[in-house]
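Letter by letter, the chains look like this.
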Amino acid sequence: MGKFDGVLLASDFDNTILNTELPRRTGCPIPPISQRNVEALRYFMDNGGRFAVATGRALPAFRMFAEQVPMNAPAVVCNGGALYDFKTERYLETMELPETIRPQGQDVLDRFPTAAVEAYHMDNVIHAVRPNEYTRQHEHVTHAGVQPVPTLLEVPMPLIKIMFEDDHEHLLALRDYVSRQPWSADYEVFFSDRTLLEVTRKGASKGAMVARLAKHLGISMDHVYCAGDENNDLSMLTMAAEGFAPANCVETVRSCGATIVADCDHDTLAEIVSILDKRY
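Notes on the structure follow. Since the structure is predicted, the reported quantities are computational estimates derived from the model, not experimental observations. The residue numbers shown here count from 1 along each chain, following its written sequence. For this predicted model, a pLDDT threshold of at least 70 governs which residues receive local features, and a threshold of 80 or more governs which side-chain atom pairs are given and counted, while totals over whole chains, interfaces and linings are taken from all residues. Only heavy atoms go into the side-chain values, all of them from the structure, while hydrogens and water stay out.

## Re the layout of surface pockets
Over the atoms rolls a probe the size of a water molecule, and in doing so it shows where empty space is left. Space inside and on the surface of the protein is sampled on a 1 Å grid over the protein atoms alone, with a cavity defined as a set of points where a 1.4 Å probe fits but cannot get out and a pocket as an open set with protein on both sides within 12 Å along at least 5 of 7 lines; lining residues have an atom within 4 Å of a point. Grid points are joined across faces, edges and corners, and a volume is the space filled by probe spheres set on the points. Estimated volume of the largest pocket: approximately 170 Å³. Taken together, Asn15, Asn19, Glu21, Arg25, Asp193, Arg194, Asp229, Glu230, Asn248, Val250 and Cys264 make up the full set of residues lining the largest pocket. Taken together, the residues that form the lining of the largest pocket break down as 2 nonpolar, 3 polar and 6 charged. Side-chain classes are defined by residue name, with Ala, Val, Leu, Ile, Met, Phe, Trp, Tyr, Cys and Pro counting as nonpolar, Asp, Glu, Lys and Arg as charged, and the others, Gly among them, as polar.

## A word on the nonpolar core
Inside soluble globular proteins, nonpolar side chains tend to come together where they are buried. Working definition of a nonpolar core: buried Ala, Val, Leu, Ile, Met, Phe, Trp, Tyr and Cys residues. They are joined through side-chain atoms within 4.5 Å. Only protein chains enter the area calculation, which uses a 1.4 Å probe; residues under 20% of their type maximum are buried, those over 50% are exposed, and those in between are partly exposed. Ranked by size, the top nonpolar core spans 35 residues in total, and within it Leu9, Phe13, Ile17, Phe44, Phe51 and Val69 carry the most contacts. In this description, contact between two residues means that some pair of their heavy atoms is separated by no more than 4.5 Å. Excluding residues within four positions of it along the chain, Ile17 makes contact with Ser11, Asp12, Ile33, Asn37, Phe51, Val53, Val69, Cys264 and Leu269. Core analysis: the second largest hydrophobic core is formed by 24 residues, Leu97, Leu109, Ala119 and Tyr177 among them.

## Structural notes on empty space enclosed by the protein
Applying the stated criterion across every chain yields a total of 2 cavities of 30 Å³ or more. Empty space within the largest cavity amounts to approximately 270 Å³. For the largest cavity, the lining is made up of 21 residues, of which Asp14, Asn15, His138, Ser192 and Leu196 are closest to its centre. Only DSSP runs of H or I with at least four residues qualify as helices, and only runs of E with at least two residues qualify as strands; both kinds are numbered from the N terminus onward. Among the elements of the structure, helix 1 (21-26), helix 5 (133-142), strand 10 (187-193) and strand 11 (196-201) are those that each provide at least two residues to the lining of the largest cavity. Of the residues in the lining of the largest cavity, the class split is 2 nonpolar, 8 polar and 11 charged. Approximately 40 Å³ is the volume found for the second largest cavity. Considering the residues around the second largest cavity, the lining is formed by Ile101, Gln104, Gly105, Val108, Ile162, Phe164, Val178, Trp183 and Val199. Those elements giving two or more residues to the lining of the second largest cavity turn out to be helix 4 (101-111) and strand 9 (161-165). It is helix 4 that provides the largest number of residues to the lining of the second largest cavity, a total of 4 residues. The residue makeup of the lining of the second largest cavity, split by class, is 7 nonpolar, 2 polar and no charged.

Written as structure tokens, this is what we have:
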């Protein structure tokens, strides 16, 4: 029996486990995951804890980093659109977007000519309509290339999520337009970065999928802990027994009641494991 038996820790990847903001903005190389974070996660798992990454990235955008992160539980990908087991190399759960997302998303693009959109599938293909500078920045930090297509109507189904990319002010107007459409009730729409606005199926969120993961593992929600820095992490931070946020988190996360810990450049996960070590 380990001291962390029956405990689940789920963490966002970008700017929580690893600082990818500077590489995305400047094009500099992506740093390795810190040794302290790696050692802390191994200690947590060696003592019975279950650790999972809960990322907004699709599978192809996270796959090459997965081997660098010690995990012993399935990963939440696509902002809660799917649960993927790297051990068996298969999806355990998926929440696919409806077919209507293609004409609806294309209507949005037609009305906002500077926006790009990335479309994510369950396989290793990412399509992009009107790729722009933010698409290229995103490619740099994910190391996952995109295949340009003329319109969303030509993107094959099924899709797990789509992501609009543009200046923040343009995305605010785009979000407001989407919220006024009667079909918006079918989706979750949220920022994962100031320049990235994501759309998943209604009910597909990190929080909902972490709860499903806990049930899959037979772990009580009283012993589920989550970490994240952005708006797309709020659903899991607020449903966990305790949410943790690195000091570099956005203001909405800072004010949601999460416990603030070291920033992503100073071993966020190591500090969280240290806190749990004292608790258990």
